[in-house]
Each structure stands twice: as C-alpha cells, then as structure tokens.
Amino acid sequence: MKKPVHNPREVAEIVAIQALSFVAGEPERLGLFLAETGVGPETLRNAASDPNFLLSVLDFVLRDDETVKAFAKTAELHPTNVAAARQVLGDALGDPSWERDVP
C-alpha cells in the first residue's frame, strides 16, 4: 500500500504528470505541445523528470479554458486545483512569471 502524499510540491508534480499523460493522449494536442516546447517524442520520458518541464506542461494545459476543463474532468480534479498545482510548483522553482490575484 502506498503512503499518502502530503507534500504540496509532490502533489503538484503528480498533477503535472497526469497533465502530461492527458496531453499525450491526443495526437493533435501532443503535436502542438511538442512543437511549442521543442521536446522530441524520444526525449519526452526523460523530460518528465524535470520539474521545469512539468511546469511547462501545466502552463500548456492552463492556457486554454476548454483544455483545463477537459483535463480536470479526466483527472477528477476541480480546475482550480490545476491552477493551484501550477502555483505551488512555480513557487517551489522560484518562477516569477506566475502572478497571483491579490484582492
């Protein structure tokens, strides 16, 4: 039995890996993603171990409402959980490009 994951960064990486699987599940979406990232199909598996690459996967999924909704439904997540995973992973990597909404 696997132990539950409680580390927010680990959870965010798991969500990003699920997102990568989602992207890879549709050839047209995967082709667009590979073209934008410059990663080749032969290096995709190795790239998946890089947290910065996982960040780019979440960015790709989050840039379009329909894509994030479809992924969230497939992963049985609320779309805001996908955005939260992106924020946690970005914060952990010191990514300044993610802006938070501050009231």
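Remember, it's a predicted structure, so these values are computed and weren't measured experimentally.

### Some thoughts on the confidence of the model for the chain
Residues at a pLDDT of 70 or more form 87% of the chain, whose mean pLDDT is 88. Within the chain, helix α5 (residues 65-75) carries the highest mean pLDDT (96), whereas helix α3 (residues 44-47) carries the lowest (88).

### Re the environment of P41
Mapped onto the elements of the fold, P41 is located in the loop between α2 (27-37) and α3. For the pair P41 and G31, spaced 10 residues apart in sequence, the C-alpha to C-alpha distance is 9.1 Å.

### Here's the deal with unusual backbone geometry
Look at E76: it is not a glycine, yet its phi comes out positive at around 55°. Take E76: its relative accessible area is 74%, and that puts it in the exposed class.

### Some details on the nonpolar core
Residues L20, V23, F33, L44, F53, L58 and F71 are the most contacted members of the largest nonpolar core, which totals 27 residues. Contributions of two or more residues to this core are made by α1 (8-24), α2, α3, α4 (51-62), α5 and α6 (79-93).

### Things to note about the side chain of R86
Among the secondary structure elements, R86 is positioned in helix α6. In this structure the side chain of R86 is engaged in a polar contact, spanning 2.6 Å, whose partner is the side chain of D59.

### Side note on the side chain of R29
Inspection of the secondary structure puts R29 in helix α2. In this structure R29 comes out as buried when scored by relative accessible area, which is 17%. Those residues in contact with R29 that lie beyond four places of it in its chain are F22, V23, F60 and T67.

### Overview of the packing of α1 against α2
Close contact between α1 and α2 brings their axes to 6 Å; oriented N to C, the two are set at 115°. For the pair formed by α1 and α2, the contact residues are L20, F22, V23 and A24 on the first element and R29, L30 and F33 on the second. A per-class count over the contact of α1 with α2 returns 6 nonpolar, no polar and 1 charged.

Cut-offs and rules
- Residues numbered from 1 in each chain as written.
- Predicted model: local features only at pLDDT ≥ 70, side-chain atom pairs only at ≥ 80, totals over all residues.
- Heavy atoms only, no water.
- pLDDT = per-residue confidence, 0-100.
- Helix = DSSP H or I, 4+ residues; strand = E, 2+ residues; numbered from the N terminus.
- Buried < 20%, exposed > 50% of the residue type's maximum accessible area, 1.4 Å probe, protein only.
- Core = buried A, V, L, I, M, F, W, Y, C linked by side-chain atoms within 4.5 Å.
- Polar contact = N/O pair within 3.5 Å; in protein donor to acceptor, adjacent residues only side chain to side chain.
- Contact = heavy atoms within 4.5 Å.
- Axes fitted to C-alpha atoms, helices over the stretch in contact; angles between N-to-C directions.
- Nonpolar A, V, L, I, M, F, W, Y, C, P; charged D, E, K, R; others polar.

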